Amino acid sequence: MPVSSENSVLVFSFVGFLQREQKVGNDSAAINITMTYDNADLDQVVVVGYGTSKRRDLTGSVYSIKPGMVTATPVTNAAEALQGRIPGLDITRSSGAPGGGVNIQLRGNRTLSGTNNGDGTREPSSPLVIIDGFQGGKLEDLNPNDIESVEVLKDASSTAIYGWMGANGVIIVTTKRGKDRPKVSYAGYYGVNGFVNYPKNRTGQQFIDYRKDAIKGATPTATPTDESVLDKNELYFYKQNKWIDWQDLVLHNGLEQSHTVSIQSGGDKTKVYFGTGVYREEGSLKGTDNTRYNARLNYDQRVSNMFKTGFSAQLTYTNTNQRTDPMSQISQMNPLGDPYDLNGNIRLWPGIIPDSNYKNPGNKNYMSPLTDERPNAYKWNIIRGNIIANGYVEFTPVTGLSIRSNFGTTLDYSREGRYFDSVTLANIGTPNNASTASTTNTFTRFYNWDNIITYTRKFGEHNITLTGLTSYTRNDIDLTGVTGLHLGNTNYQFYNLDGTSTGDRAITSDYRRTNTFSYAGRLNYALMGKYLFNATLRADGVSKLSPGNKWDYFPSVGLGWNIHQEEFMKDVYFVNNLKLRATYGVAGNASLRTYETQVNLLNANNIIGSQGVPVIYPNPNYGNLNLGWEKSSTVNVGLDFALFKSRLYGTLDLYKTTTKDILYNRPLPPTSGLEKQWQNIGESMNRGVELAISSLNVNQRDFKWTTTVTFTAAQEKLTHLLNDQDIIDAAKPETNSLLIGHPVKSWYGYTKLGIWQTDENKDGVKFGTNYTYVPGDIKVKDKNDDKTIDVTDREFQGADVPKWFGGLQNTFSYKGIELSIYAIARWGNTINAEFIAGRYNIDGTGNGLAMYNYWTPSNPTNEFPMPKSGASLGNSGYTGYYSMNFIDGSFVKLKTATLAYTLPSQISRKVYSDKVKVYITGNNIFTKAKSKYLKNYDPERGGSENSPITRQFVFGANVDF
């Protein structure tokens, strides 16, 4: 290109990217330009329900993820890579075990019906996942390297076109398609997985001092010595100074690796994408691992000017080896002993003297946490195969009119086999400490058939798009399971269940089918590109609901105003986008188990005399013939903005959702002879503010710095329940109660004020009528100030719902070097840290965490109560002990840091490639918790003592040919 001088400046622009200026200089070589993706680009095409739209024409709350963000974190589940990057979308890891999943919740929990299967667990329902326009897929089955883009539909106006299935939000994933220019790519990494952070146990003198303090707590005049508090076995190992660090023996670092090869090719009429990959993760526990194989084929063919067809096929196979988690065993395990014998074999009872009198004490508290690492002690294996096959045909008879038919199917098969010998952690305590074996087979078939007609017409200043559709889905689930005891030949593991004892063998089977059918229509209208209107109406029919209530209608409407296009904004040069949005919509929910509205009978076998006789009895989950839809109404107001040529851009949303006729599997009175019944019993309210801001801080020739911050502050609460009364669960009141005015997942119990100090209880406060609190007991709040502690003093203890959460991404690039630092925060939630109170060994016979700061006359703390020999947490003095589990779970985490280098093009060409990028990445690098009790624990795990979250450090490369 001829230019006037070396001082000339070339201006590069392309749709979807920020404008880039480059001085020519005196270098005669080619100029290489890297353009920056412009998330604020108004002409950017985003995927919405059953179609696409330019960002300038959106009225709903839709958030898009930049290309490449999904692969920025070394994860097996693409959802984890979205953590903190989308305002309103709360994502946490559900386990640190290989193949562990994630919890995904959009705009809070507003229902009681549990997961999408309606299992009544009150766990949040996840958003609907749409992959290339089809339902039925899962994020966990996708290879992150196959993903092109992700859009999240958040408000009722955006999700209305998907009806009740989109009531919890919609995540739309578009995978890579073929391109005109052929490209072969490799993406892979290899590294280490582990470095678990977990609270340490007492050992050495600290262990003995606690035992001595427990004796003095029961008998204040006692003067125990170090050796006097140990039994014969403990004393034997104590004299040999044999202390065991069980965590060090059990926890290990494993390997993690991923390798993907893909091909993109095509021409004017044919486009093909094929990708295949393997991912493997070894866990921090010996014998745990997860391997996933993926293959995806996307094919698009333009048959003629009017016909277009194509298909997508995906095959996923996973093989996961699990293990009974030993962390709870470690937390209570005596540190005195010898874990191995002279031959290096694991000793089942490490704290027992290895002499001629050695015998099995038959008590799990003495069993080695390493017992499952013995050869052939157990096998717990899950294999799963998932096949997705989707096809479409599209007919465009005239300009602006499109008729499309989509048909997709998802087939999912899994087999879970378990075998445990008689002295594994899973089986100690079973009848006669028997070996157990079981297998469970699940086969799921999902079918989806959509027919969509779209008409787009522009005349003058008016632009109209009409969409009409029908949608049919069918979901079938077959399940069979067999469990047996006393396996005759343990070499068969779970492969020969005929070898188990016939009297202890149990067979289960189940079949469930759900059908849905829907009609929907949508109108999009734009006047002069400034004034936007959207309206949707969908009719949903679901087989799971009762006759007469299966169908209902769900409307939505949205308005938008592109303010920056108004005449009065023409002189406001620094504003290049300013849009005000407002929407209202109603969404339905029918998340309950299939057939739960029916009154049906069950089969069983009873023993009459000496014979087994088939019997029929009523299902204790009694059907409700009047059960109807749960409905949520949402108002959303949003503002999109871009300033200074999109160097600063973002979006702000405020929403409020009111849910009525909440579905709940309500426990029935025992006098009814039944157990539960699904009913419409309550109401809830969710509201919040969501903010995302991105900035291009520095944009020089060789150096660039960008920042993106997301922030969500939300509130949720139950506003009405049956008879306007709290529902206190009889079995687990602390964790399963429903409290009006508080979130669904709330904690309930006594409020711990501290520890009763010496001479403090002058008023003679009692528990019940017989026990007066003494120094060292737990001091709880007396709500009604009647000097008596009883169940009426229990109250709300917090909720596992953050007051706010967010993410902060900073990316620095200098020439070919790029440093990306990503942090997340989750603040204001209370977790149930089960390793706190549950492992507080009050009588001193076992062990506990080293961090316990407990009361003694010489250490008058207010943290943990005084230990006493012979006591249990069920004693009156420890009333409210469970509330010690309820800990502030706020944390800030350095989630990911990546240092990457892209080779100059002239070097890449020498190795016959277009682009070569190498990098090192750390994941879950550092966590800072607000509570001191979580100093050595990652609160993202939610308080569970099992499967703590691990760290990853990997080296990777991306190569394009």
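Scroll up to find the structure.
Since we're looking at a predicted model, the values are computed, not measured. (Residues numbered from 1 in each chain as written. Predicted model: local features only at pLDDT ≥ 70, side-chain atom pairs only at ≥ 80, totals over all residues. Heavy atoms only, no water.)

Now for the overall build of the chain. Within the chain one finds 9 helices and 43 strands. Relative to a compact globule of 961 residues, whose C-alpha radius of gyration would be 30 Å, the chain shows 31 Å and is just as compact. Along the three orthogonal principal directions, the C-alpha set of the chain runs to about 95 × 70 × 65 Å. A total of 961 residues make up the chain; the buried ones form 51% of that total. In the chain, once contacts between residues fewer than 6 apart in sequence are set aside, the share between residues at least 24 apart is 68%. Distance between charge centroids for the chain: 4 Å, based on 98 positive and 90 negative side chains. (Helix = DSSP H or I, 4+ residues; strand = E, 2+ residues; numbered from the N terminus. Rg over C-alpha atoms; globule rule 2.2 N^0.38 Å. Buried < 20%, exposed > 50% of the residue type's maximum accessible area, 1.4 Å probe, protein only. Contact = heavy atoms within 4.5 Å. Lys, Arg positive; Asp, Glu negative; His and termini not counted. Charge placed at Lys NZ, Arg CZ, Asp CG, Glu CD.)

The next thing to look at is helix α3 (residues 205–218). Its 14 residues give α3 an end-to-end C-alpha distance of 20 Å, which sits within 8% of 20 Å, the value for a rise of 1.5 Å per residue. Of all the positions in α3, only Phe207, Ile208, Tyr210, Arg211, Lys212, Asp213, Ala214 and Gly217 are classed as buried. Of the surrounding elements, those touching the buried residues of α3 are α4 (232–239). (Expected span 1.5 Å × (residues − 1).)

To continue, consider the pattern of salt bridges. What the rule picks out here adds up to 45 salt bridges. For Arg211, the salt bridge goes to Glu234, with nearest N and O atoms at 2.8 Å. Linking Arg211 in helix α3 with Glu234 in helix α4, this pair joins segments that are 23 residues apart in sequence. The pair formed by Arg211 and Glu234 is uniform in burial state, with each residue classed as buried. A network of salt bridges, in which partner residues are shared, links Asp132, Arg177, Arg296 and Asp300. (Salt bridge = Lys/Arg side-chain N within 4 Å of Asp/Glu carboxyl O.)

The residue Phe891 is located in strand β41 (residues 891–902) in this model. Exposure remark for Phe891: the relative accessible area of 1% places this residue in the buried category. On a C-alpha basis, the gap between Phe891 and Leu934 in space is 9.3 Å, while along the polypeptide they are 43 residues apart.

Another point: the sheet that holds strand β8 (residues 128–131). In a beta sheet, neighbouring strands pair by backbone hydrogen bonds and run either parallel or antiparallel. Sheet architecture is open: 4 strands sit in the order β5-β9-β10-β8, paired in mixed fashion. In the strand order of this sheet, the two ends are held by β5 (62–65) and β8, each with one partner. Strand-to-strand twist across the sheet, computed as the mean angle between neighbouring axes with direction ignored, equals 20°. Bridging between β5 and strand β9 (residues 147–153) involves 4 bridges; their strand directions are antiparallel. The residue bridging Tyr63 from the neighbouring strand is Val152, located in β9. (Pairing = 2+ DSSP bridges. Axes fitted to C-alpha atoms, helices over the stretch in contact; angles between N-to-C directions.)

From the geometry alone we can't say anything about function, so treat these as descriptive.
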